[in-house]
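Chain and residue survey
So the chains spell out like this:
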Amino acid sequence: MQKQTQAIRIQTERSQHREHSVPLYLTSSFTFEDAEMGRSLFADEVEGNIYSRYSNPNVDEFIAKVCALEGAEQGLAFGSGMAAIFATFAGLLQSGDHVVASRALFGSAIQILGKIMPKWGITTTFVDGHDPDQWEAALQPNTKIFFCESPSNPGLELTDLTALSAIAQNHGVVLAVDNCFATPVVQNPIELGADLVMHSATKYMDGQGRVLGGVLVGRRELIEPIRFFARHTGPAMSPFNAWVLSKSLETLYVRMKDHCESALILAQKLEGHPALNAVHYPFLASHPQVELARQQMKWGGAILTIDVKGGFETVNELTQHLQIASISPNLGDTRTILTHPASTTHSKLSLADRAAVGITPGLVRIAVGLEAIEDLVEDFEQALAKVGVGVNA
Ligand SMILES: *Cc1c(COP(=O)(O)O)cnc(C)c1O
């Protein structure tokens, strides 16, 4: 069965009312018929729900759908994308272990690896993710995990997942991929050899800017220790958010198709604009990794970046002239969102660290929404026509 169909048709339990859509199981705990049932559930002799920190029918349905979409054996859901990422490291690593990660990561992922994990003696070497040789050169005897985003936020840098998984396998290292930007509709890292895949479900999985969520899927033996960590430390997804997200997955395919089509058109229209130094989008012929993008991604994704001449001042003018796009740090919404990473999501990085991952002062991330593309093109063209007059940076 096609994944698109599975995302719509997979369902866990339904009640005696035979409801078509999944009901909301807004309950913190579940009851036992007798003490014996409680004992056998806690002893893992039978399967069943105990407490919503461990499992819940809405959360289970959401996880089952993501597993189907990613082609994964098992999964876990979390209160946010960052909880999924943190739990992966905390569940699998111990003091003295080492991680190799791309330097092109979401800001909070850099903070976890660079500032938080070292408190427990877990260290990270950051490399240029697009260069497989650097991953291999960074290996140490204690390296346990390779971690990357592809495409990366916000630099849209790709990692060759097939090449990286081959290196990881040769050295017994787990490859974990944050697949948030591509979504399982556009790219399936597990099919390219990754062991674990995580998502900020907050973004395209919800796709409508309502709830926070995170999800991790992959091989059973890797998920189990992370399940133990999550069960006892409590970063659980709420049943309500799972109910929202499970329904949203039914439209993920059509939404992504539209998002990606519009993003490509906008990128093509804006490329070469005199107010811009550059337009970056994985499926533009000018993207340095366009061939790799076409190999490992079905479409180019919903996000492009533009480098506005004149830096922050001009970017600020642009945000004042745009009529449609929202200015927000989020992405993955029906509404087009503009973000200036250097002053917001990546403002905690040094100038040099930002430069190393392509975050220039004028870089603007555009998460293209589901508005009519003609309206978006017109809005960006009218706003860009008004900015940076006389700028020749
Ligand atoms: C937003 C984002 C995250 C963090 O997810 P939250 O749900 O906000 O915790 C992680 N990785 C990427 C690539 C993101 O864009």
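Residues numbered from 1 in each chain as written. Predicted model: local features only at pLDDT ≥ 70, side-chain atom pairs only at ≥ 80, totals over all residues. Heavy atoms only, no water.

Structural notes on the site of the ligand
Going by this rule: What makes a residue near a molecule or strand is one non-hydrogen atom of that residue sitting within 4 Å of it. Polar contacts, as counted here, are pairs of nitrogen or oxygen atoms within 3.5 Å of one another; within protein the pair requires one atom able to donate a hydrogen and one able to accept it, and residues that are adjacent in sequence qualify only if both atoms are side-chain atoms. All accessible areas in this document rest on Shrake-Rupley with a 1.4 Å probe, and a residue is counted as covered only by the protein chains that are shown. Here the nonpolar group is Ala, Val, Leu, Ile, Met, Phe, Trp, Tyr, Cys and Pro; Asp, Glu, Lys and Arg are the charged ones; every other residue, Gly included, is treated as polar.
The environment of the ligand is formed by 14 residues, the closest being Gly-81, Asp-178, Ser-200, Thr-202 and Lys-203. Gly-81 places a polar main-chain atom, nitrogen or oxygen, 2.9 Å from an oxygen atom of the ligand. The side chain of Asp-178 places a nitrogen or oxygen atom 2.7 Å from a nitrogen atom of the ligand. A total of 380 Å² of accessible area belongs to the ligand in isolation, and the protein chains cover 92% of it. For the shell around the ligand, a count of residues per class yields five nonpolar, six polar and three charged.

Considering the domain arrangement of the protein
We apply this condition: For the domains described, the bounds stem from an automatic or database domain assignment. By the convention used here, residues are in contact when the closest approach between their heavy atoms is within 4.5 Å. Salt bridge, as used here: a side-chain nitrogen of Lys or Arg that lies within 4 Å of a carboxyl oxygen of Asp or Glu. In this description a helix means any DSSP run of H or I spanning at least four residues, a strand means any run of E spanning at least two, and both kinds are numbered starting from the N terminus.
Parsing the protein into structural domains produces domain 1 (3–249) and domain 2 (252–388). If you average the C-alpha positions of domain 1 and of domain 2, the two centres end up 27 Å apart. Between domain 1 and domain 2, the residue contacts involve 39 residues of the former and 37 residues of the latter. Viewed at the interface, domain 2 and domain 1 are joined by zero salt bridges. Counting across the domain 1 and domain 2 interface gives 13 residue pairs in polar contact (both at pLDDT 80 or more). When residues of the side of domain 1 that touches domain 2 are traced back to their parent elements, those giving at least two are helix H5 (107–116), helix H7 (161–170), helix H8 (183–186) and helix H10 (239–249). Ranked by residues supplied to the side of domain 1 that touches domain 2, first place goes to H8 with four residues. The residue inventory of the side of domain 1 that touches domain 2, partitioned by class, reads 19 nonpolar, 15 polar and five charged.

Description of the packing of helix H4 (residues 81–92) against H5
The cut-off we apply is this: In this description, a line fitted to the C-alpha atoms serves as the axis of each element, helices being fitted only across the stretch in contact, and the angle between N-to-C directions of two axes falls anywhere from 0 to 180 degrees. To sort the angles, those under 35 degrees are grouped as roughly parallel, those over 145 as roughly antiparallel, those from 65 to 115 as roughly perpendicular, and the leftovers as oblique. Handedness of a helix crossing follows the sense of rotation of the near helix relative to the far helix, less than a right angle counterclockwise being left-handed and clockwise being right-handed.
The N-to-C vectors of H4 and H5 enclose an angle of 30°; their axes lie 10 Å apart at closest approach. Judged on the interaxial angle alone, H5 and H4 are roughly parallel. Judged by the sense of rotation from one axis to the other, the crossing of H4 with H5 is right-handed. Contacts between H4 and H5 involve Met-82, Ile-85, Phe-86 and Phe-89 from the first element and Ser-108, Ala-109, Ile-112, Leu-113 and Ile-116 from the second. Looking at the contact of H4 with H5 residue by residue, the class counts come to eight nonpolar, one polar and no charged.

Description of the packing of aromatic side chains
Quick reminder of the rule: Side-chain rings of Phe, Tyr and Trp, where Trp is taken by its six-membered ring, are said to pair if the distance between their centres is within 6.5 Å; with planes under 30 degrees apart they count as stacked, over 60 as edge-to-face, and otherwise as tilted. Burial status follows relative accessibility: with a 1.4 Å probe on protein chains alone, a residue under 20% of its type maximum counts as buried, one over 50% as exposed, and anything between as partly exposed. We call a charge positioned over a ring when the NZ of a Lys or the CZ of an Arg lies within 6 Å of the ring centre and within 35 degrees of the ring normal.
The final tally for this structure, using the stated rule, is eight aromatic pairs. Considering the side-chain rings of Phe-86 and Trp-120, the 6.3 Å spacing of their centres and the 50° angle between planes classify their relative orientation as tilted. Taken as a pair, Phe-86 in helix H4 and Trp-120 in the loop between H5 and strand E3 (123–127) lie far apart in primary sequence, 34 residues in all. Judged by relative accessible area, which is 24%, Phe-86 ranks as partly exposed. Put simply, the rings of Phe-86, Trp-120 and Phe-229 pair up and form one aromatic cluster. Lying over the aromatic face of Tyr-54, Arg-231 brings its terminal NZ or CZ to 3.9 Å of the ring centre. The positively charged end of Arg-294 is found above the aromatic ring belonging to Phe-283, 5.4 Å away from the centroid.

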